[in-house]
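Tertiary structure, described
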Amino acid sequence: MPESASPVTFPPAFLWGAATSAYQIEGAVREDGRTPSIWDTFSHTPGKTAGGETGDIAVDHYHRYRDDVALMAELGLSAYRFSVSWSRVQPTGRGPAVQRGLDFYRNLVDELLSHGIKPAVTLYHWDLPQELEDAGGWPERDTAFRFAEYAQIVGEALGDRVEQWITLNEPWCSAFLGYGSGVHAPGRTDAAASLKAAHHLNLAHGLGTTALRSAMPARNTVAVSLNSSVVRPLSPSPADLAAVRRIDNLANGVFHGPMLHGAYPEGLFAETSSITDWSYVLDGDLAVIKQPLDALGLNYYTPALVSAAEKSADGPRADGHGASAYSPWPGADDVAFHQTPGERTEMGWTIDPTGLHDLIMRYSREAPGLPLYITENGAAYDDKPDPEGRVHDPERIAYLHGHLAAVRGAIADGADVRGYYLWSLMDNFEWAYGYDKRFGAVYVDYATLARTPKSSAHWYGQVARTGSLPPAAPAGAE
């Protein structure tokens, strides 16, 4: 899509937000009744995270949330997407809520509203209470029913003030990185368990959606955030196109099939038949999962490039999801992943805004009439303060410009995109990468926890305030 020589305007009601997740920013992991989640356990297990780093303190948002909200307002954000820590609200994953935990989120929501910032709540961003993992975790069917109970609790507590709700964030990562390749918590490496986890996450979404709607005013909206992959073939050969279909089923269809259409994709059961018989998909499950949604969240960072390959006992590795001797792609050991050409971020991910445009247009066709939100998009760079303490990140500005232009192009092409949430508001604990990868628009000095808006934060704030995208700056300019 060509860059315009004049500002590109977004719809007047377009939401301009930033996103975070509880374990990555809150800290205070032992305060006010909170108990360990699977990420507490995983990060404290030697060898699981870079440098053995944990989210024990993270960026101390639990104690600094008022200052963080004031900073959001100063930057001009109109929305903030955050997640609730399940084990802060319901420490064992069962039973009554801890009101002190709920009070933190009540206070956060009130602070946001007092600054004119619209809160969007994600119920689950990967931090399952450890006691539920000890009972079997997501491969255990009961976990889906525990999630519904938790959704009811949070919906009742915040539903009078929060209108936007998201059940799950990136269930693909929870299922296949958590239980397949083991690079995410809980660190299990069992292909059959990863597929069971995927189904029970789907079931949790359906049950949780129903629970939320029973607990909240009818005006509130319920969505899910999927990190659906844009999967492209290395060549137009029939074998490479078949590889695309196989990965598309595992990356996308395994979730959007049941959630949007009430059915798993054709071919998925056959492609994974050597791993599982799918007998845990019980009569009535698909009807439970396919709850009408009010919106769909899409998370996008980079496309995938695949081809057919000789079958490997080790499975595909160059998929950008962390190093492991185990594959997160069950039944796809004859598919190879390739690095796409072009500039890369610090994560090694290729910068390709055309993938975001393609993703949006796909879901405009996949779910016609369903409003879309970009609930995560952003880039990690090796940001450092200059001698005056300023943090210049022209690469991130260029990244955001390209991807926002792709969003606007999709809107021009007929897509109903209602908002964009930058990942992330500030530097934070980046899961197994520890504090090594900085995705934030706000720089955090991890020694002092001081916050410094980067150049990209000011640039994005100006876009948010004006609702328009300026012409692209020359390379290296701010």
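These figures come from a predicted structure and were not determined experimentally.

Attention now moves to the overall build of the protein. Helix and strand counts for the protein stand at 15 helices and 15 strands. Against the compact-globule benchmark of 23 Å for 478 residues, the protein has a radius of gyration of 21 Å, which places it among compact chains. Once the C-alpha set of the protein is aligned to its principal axes, its extents read approximately 60 × 55 × 45 Å. The 478 residues of the protein split such that 60% are buried. A sequence separation of at least 24 residues applies to 77% of the contacts in the protein between residues at least 6 apart. Counting every atom, the protein has about 17300 Å² of accessible surface; 53% of that belongs to carbon and sulfur. Charged side chains in the protein number 37 positive and 58 negative. The centres of these two groups are separated by 3 Å.

All right, on to helix 5 (residues 99–114) then. Relative to the 22 Å expected for 16 residues at 1.5 Å per residue, helix 5 spans 22 Å between its end C-alpha atoms, a close match to the ideal helical length. Taken as a whole, helix 5 has its buried residues at Gly101, Leu102, Phe104, Tyr105, Arg106, Leu108, Val109, Glu111 and Leu112. The positive-phi residue at the C-terminal boundary of helix 5 is Gly116, with phi of around 75°.

Moving on, we get to the UniProt feature "active site" (unreviewed entry) in the protein. As annotated in UniProt, the feature "active site" (unreviewed entry) corresponds to Glu376 in the numbering used here. Relative to the assigned elements, Glu376 resides in strand 11 (residues 372–377). Taking the relative accessible area as the measure of exposure, Glu376 reaches 4% and is therefore buried.

Put simply, Ala185 and Pro186 share a cis peptide bond, and its omega is 10°. Considering the arrangement of structural elements, one finds Pro186 in the loop between helix 8 (171–181) and helix 9 (191–215). Ser424 follows Trp423 through a cis peptide bond whose omega is 5°. Relative to the elements of secondary structure, Ser424 occurs in the loop between strand 12 (417–423) and strand 13 (442–444). We note that Asp32 has phi near 55°; this positive angle belongs to a residue other than glycine. Positionally, Asp32 belongs in the loop between helix 1 (22–25) and helix 2 (38–43).

With that settled, consider the side chain of Thr54. Along the polypeptide, Thr54 turns up in the loop between helix 2 and helix 3 (61–75). Among the polar contacts listed, one links the side chain of Thr54 to the backbone nitrogen of Asp56, at a separation of 3.2 Å. Every residue in contact with Thr54, bar those within four places of it in the chain, is listed here: Tyr23, Ser43, His44, Phe429 and Tyr435.

It is worth spelling out the pattern of salt bridges at this point. Enumeration according to the criterion identifies 31 salt bridges in this entry. In this structure, Glu26 and Arg88 form a salt bridge, with 2.9 Å as the shortest nitrogen-oxygen distance. Separated by 62 residues along the polypeptide, Glu26 in the loop between helix 1 and helix 2 and Arg88 in helix 4 (residues 86–89) bring together distant segments of the chain. The class of Arg88 is buried, set by a relative accessible area of 0%. Put simply, Asp383, Asp393, Arg396, Asp427, Arg438 and Lys454 are held in one network by salt bridges that share partners.

Spatially, the eight strands close up into a barrel ordered 2-3-4-5-6-8-11-12, and their pairing is parallel. On average, adjacent strands in this sheet sit at an angle of 25° to one another, irrespective of strand direction. Pairing of strand 3 (residues 79–83) with strand 4 (residues 118–124) involves five bridges; the strand directions are parallel. When the bridges of strand 4 are listed, Ser83 appears paired with Thr122.

Parameters and conventions
- Residues numbered from 1 in each chain as written.
- Predicted model: local features only at pLDDT ≥ 70, side-chain atom pairs only at ≥ 80, totals over all residues.
- Heavy atoms only, no water.
- Helix = DSSP H or I, 4+ residues; strand = E, 2+ residues; numbered from the N terminus.
- Rg over C-alpha atoms; globule rule 2.2 N^0.38 Å.
- Buried < 20%, exposed > 50% of the residue type's maximum accessible area, 1.4 Å probe, protein only.
- Contact = heavy atoms within 4.5 Å.
- Areas by Shrake-Rupley, 256 points an atom, 1.4 Å probe, with all protein chains shown as cover.
- Lys, Arg positive; Asp, Glu negative; His and termini not counted.
- Charge placed at Lys NZ, Arg CZ, Asp CG, Glu CD.
- Expected span 1.5 Å × (residues − 1).
- UniProt positions renumbered as here; feature names shortened; annotations may be inferred.
- Polar contact = N/O pair within 3.5 Å; in protein donor to acceptor, adjacent residues only side chain to side chain.
- Salt bridge = Lys/Arg side-chain N within 4 Å of Asp/Glu carboxyl O.
- Pairing = 2+ DSSP bridges.
- Axes fitted to C-alpha atoms, helices over the stretch in contact; angles between N-to-C directions.

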